[in-house]
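Architecture and fold: a report
The residues making up each chain are set out below.
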Amino acid sequence: MSANDRPTGQQQTSTAVAESAFLKACRREPVPHTPVWFMRQAGRSLPEYLKLREGIPMLDSCMRPDLVTEITLQPVRRHKVDAAIFFSDIVVPLRAVGVDLDIKPGVGPVIGQPIRTRADLDRLRLLEPDDVTYVTEAVGTLVGELGATPLIGFAGAPFTLASYLVEGGPSRNHEHTKALMYGDPDLWADLLDRLADITAAFLKVQIEAGASAVQLFDSWAGALAPSDYRRSVLPASAKVFDAVAGYGVPRIHFGVGTGELLGLMGEAGADVVGVDWRVPMDEAGRRVGPGRALQGNLDPAVLFAPREAVETKAREVLDAARDLPGHVFNLGHGVLPSTDPDALTRLVEFVHTETAR
Ligand code: CP3
């Protein structure tokens, strides 16, 4: 073999990533074991995370590549999960285009001036890669550090971002958001379209820097009836998925309370549909239909029960998912802040042992 034919380290690494259980499951190929990772595995309960973050505001930490790299790696080292999720937040791209916002501990994202009029929307500009050089840098470093472990990039979906922007902060009923959606459909469509462009640009930055999969978080889409989702939300989410289709990386689509929307969330263009704990995986598979893998769906609160109960419930998830063409084990929503990290480590080991083929 001449020096020119020899694969470089980078190429060898990408082959190993492509052959990982996580990417195989996303592609609905046979896997050596069911892959597992946890939404919100980075940050939250880990003592090493809390120590690192001491005195550093959340959004500041997202803009420091050294911190982002370390926090992303922490759960991979500790739990031996099959994928890393990039440490950031769904509101990072909004802040990067100049939206006046902050993440308040125990509250969530809070917006200085909510978007409710055409003039407000006119101030929301598109995202350029130069706005988020810290993301490009951190992803690049991470891809080297992670070796054969895939990195998942992510963004908030247009509806969930719109909810924060229109409400001005977290909301139970999304009343201002829905008032705009029903009351001014043209402004609503333009807002979601602008957010789709921002989200697509943010995902492209992560993929081009080396992320091997992306997840679109439409956390609050479950607040919508299917007909409203189809008319007023799906076109914008589909635009995001279309914009990154050409890269060939798996696209995961997740929301909470979306049992009635699972088919539509697949139709929006996902390769993998995320399922919360309210719908069993076999039923979710029927609702999503053929041609897509599924991700989920242990209730995150189960991790507070004794070990035997966690294993019983995890086995129920695995049994229900047995005949799916592709299954990525995950929680039905993010890790709850006071979860015992050891319960997560044990769960990863349990899923791996239980499904080893
Ligand atoms: O492992 C990971 O998932 C880490 C990266 C990540 C964060 N937020 C870090 C974070 C991801 C993927 C998110 C996504 C996110 N952010 C979503 C979608 C996922 C979901 O849970 O439905 C949403 C809706 C947000 C908005 C947001 N940001 C909320 C609701 C909160 C929690 C507020 C609180 O303190 O309870 C945040 C803050 C946030 N994002 C923290 C972290 C680690 C906590 C920050 C802190 O402790 O200061």
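Rules and cut-offs
- Residues numbered from 1 in each chain as written.
- Predicted model: local features only at pLDDT ≥ 70, side-chain atom pairs only at ≥ 80, totals over all residues.
- Heavy atoms only, no water.
- Near = heavy atom within 4 Å.
- Polar contact = N/O pair within 3.5 Å; in protein donor to acceptor, adjacent residues only side chain to side chain.
- Areas by Shrake-Rupley, 256 points an atom, 1.4 Å probe, with all protein chains shown as cover.
- Helix = DSSP H or I, 4+ residues; strand = E, 2+ residues; numbered from the N terminus.
- Nonpolar A, V, L, I, M, F, W, Y, C, P; charged D, E, K, R; others polar.
- Phe/Tyr/Trp six-rings, centres within 6.5 Å; stacked < 30°, edge-to-face > 60°.
- Buried < 20%, exposed > 50% of the residue type's maximum accessible area, 1.4 Å probe, protein only.
- Core = buried A, V, L, I, M, F, W, Y, C linked by side-chain atoms within 4.5 Å.
- Contact = heavy atoms within 4.5 Å.
- Axes fitted to C-alpha atoms, helices over the stretch in contact; angles between N-to-C directions.
- Left-handed = near helix turned anticlockwise from the far one by under 90°.

Near the ligand there are 24 residues, and of these Ala42, Asp89, Gly106, Ser219 and His333 occur at the shortest range. A distance of 2.9 Å separates an oxygen atom of the ligand from a polar atom in the backbone of Gln41. Burial of the ligand by the surrounding chains reaches 87%, relative to a free accessible area of 870 Å². Secondary-structure elements contributing two or more residues to the shell around the ligand are helix 3 (47-53) and strand 3 (108-111). Of the residues contributing to the shell around the ligand, the split by class is 15 nonpolar, six polar and three charged.

We now examine the packing of aromatic side chains. Under the definition given, this model contains four aromatic pairs. Summarising the aromatic geometry, the rings of Phe159 and Trp188 are spaced 6.2 Å apart at their centres and angled 65° between planes, so their arrangement reads as edge-to-face. With a gap of 29 residues between them, Phe159 in helix 9 (residues 158-167) and Trp188 in helix 11 (residues 185-209) connect regions that are remote in the sequence. For the pair Phe159 and Trp188, one class covers both residues: buried. Site record: aromatic cluster; members linked through ring pairs are Phe154, Phe217 and Phe254.

The subject of this paragraph is the nonpolar core. Counting 129 residues, the largest nonpolar core has Phe22, Leu124, Leu191, Tyr229 and Leu347 as the members making the most contacts within it. The greatest single-element share of this core, amounting to 13 residues, is contributed by helix 11.

With respect to burial, helix 9 is a largely interior element, 10 of its 10 residues being buried. Backbone geometry just after helix 9 places Gly168 at a positive phi near 95°.

In this structure, Leu264 sits in helix 14 (residues 262-267). Given the relative accessible area of 8%, Leu264 is considered buried. Between the alpha carbons of Leu264 and Tyr229 there is a distance of 8.2 Å; along the sequence they are 35 residues apart. Excluding residues within four positions of it along the chain, Leu264 makes contact with Pro226, Tyr229, Arg230 and Leu234.

To continue, consider the packing of helix 9 against helix 11. At a minimum axis separation of 9 Å, helix 9 and helix 11 run at an interaxial angle of 115°. Seen along the crossing, helix 9 lies across helix 11 with a hand that is right-handed. Residue-level contacts link Pro158, Phe159, Leu161, Ala162, Leu165 and Val166 of helix 9 to Trp188, Leu191, Leu192, Leu195, Ala196 and Thr199 of helix 11. Taken together, the residues of the contact of helix 9 with helix 11 sort by class into 11 nonpolar, one polar and no charged.

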